[in-house]
Amino acid sequence: MASVTDQDIDPATMRLQYRSEIVDEGSLAENPMDQFALWFQQAADSRLFEPNAMVVSTATPDGRPSSRTVLMKQFDGRGFVFFTNYASRKGREVAENPHVALLFPWHPIARQVIVTGTAARIGRDETAAYFRSRPHGSQLGAWASEQSSVIGSRGELDRRYAELEARYPEGEQVPVPPEWGGLRVVPEAVEFWQGHENRLHDRLRYTRDGDEWHVERLCP
């Protein structure tokens, strides 16, 4: 078996020149959620694979971080919403330490959006409304998986799902799992990153001051 040192690929030599238009402060929306809506639409129009995929980073109270990719399912003036099992690692960490970070990595169009803020559970009515919109199989999956817990085998997971499928056949309403629901991340700062040649990227960050947002440019 070849060792790492036998590989021909050297990440230090991997370089791409990003070519795009300069992002001027004056072209930005007054608030980050409106600007995000614009960039999100452009990402979707570029036919990126799952433009709503985002990396969610959480941390324990003593600062030990963890990250994972989830799908953002809602956004509006209040923030960004994703759904999870509240007993999962991220659910437990948010309950103990609500400070989180989000990253939308839109690499094919040389853009990123980085969000820092606090997360809290959304209302059960909101959770139920979204749960009802999910495909039947995804509803059953939310019950079958005790997210982040250790399981003996794939076969055990499949058995749980099969039992639920027999109990709730297609067309029958599946109840919302009590430990499953939405988390809304309320932003405190949102950075819009646009790649450019020679690593002279645009980094424009919105920060909140009371009810107002201000934009500042960061060095790349």
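Before reading on, note that the structure itself is shown above.
Nothing here was measured: the structure is a model prediction, and the numbers come from that model.

### As for the overall build of the chain
Each helix and strand counted, the chain has five helices and nine strands in total. Counting from the amino terminus, helix and strand elements in the chain follow one another as α-β-β-β-β-α-β-β-α-α-α-β-β-β. The dimensions of the chain, computed from C-alpha atoms along their principal axes, are 60 × 60 × 40 Å. Within the chain, buried positions represent 38% of all 220 residues. Across the chain, every contact between residues at least 6 apart in sequence was considered, and the portion connecting residues at least 24 apart equals 64%.

### Some thoughts on helix α2 (residues 89-96)
Every buried residue of α2 is listed here: K90, G91, E93 and V94. Across the axial projection of α2, the buried residues extend over an arc of 165 degrees, all falling on one side. In α2, the exposed positions that point more than 90 degrees away from the buried face belong to A95 and E96.

### Brief notes about the nonpolar core
Across soluble globular proteins, nonpolar side chains show a tendency to be buried alongside one another. Core analysis: the largest hydrophobic core is formed by 30 residues, its most contacted members being F36, M54, F80, F104, W106 and V113. Broken down by secondary-structure element, the contributors of at least two residues to this core are α1 (32-45), β1 (53-59), β4 (79-85), β5 (99-106), β6 (111-121), β7 (180-194) and β8 (202-209). Here this core gets five residues from one element, more than from any other, and that element is α1. With sequence-adjacent residues up to four places away left out, M54 is seen in contact with R68, T69, V70, M72, F82, L102, L103 and F104. Residues V81, I122, A142 and V176 belong to the second largest nonpolar core, which totals 13 residues.

### Details of the pairing of strand β9 (residues 212-217)
Bridge analysis of β8 against β9 gives six bridges, and the strand direction is antiparallel. Residue pairing across strands places R205 opposite E216, the latter belonging to β9. Linking β8 back to β9 in an antiparallel pair, the connection comprises two residues, with G210 at a positive phi of about 65 degrees.

Parameters at a glance
Residues numbered from 1 in each chain as written. Predicted model: local features only at pLDDT ≥ 70, side-chain atom pairs only at ≥ 80, totals over all residues. Heavy atoms only, no water. Helix = DSSP H or I, 4+ residues; strand = E, 2+ residues; numbered from the N terminus. Buried < 20%, exposed > 50% of the residue type's maximum accessible area, 1.4 Å probe, protein only. Contact = heavy atoms within 4.5 Å. Arc of directions from axis to C-beta. Core = buried A, V, L, I, M, F, W, Y, C linked by side-chain atoms within 4.5 Å. Pairing = 2+ DSSP bridges.

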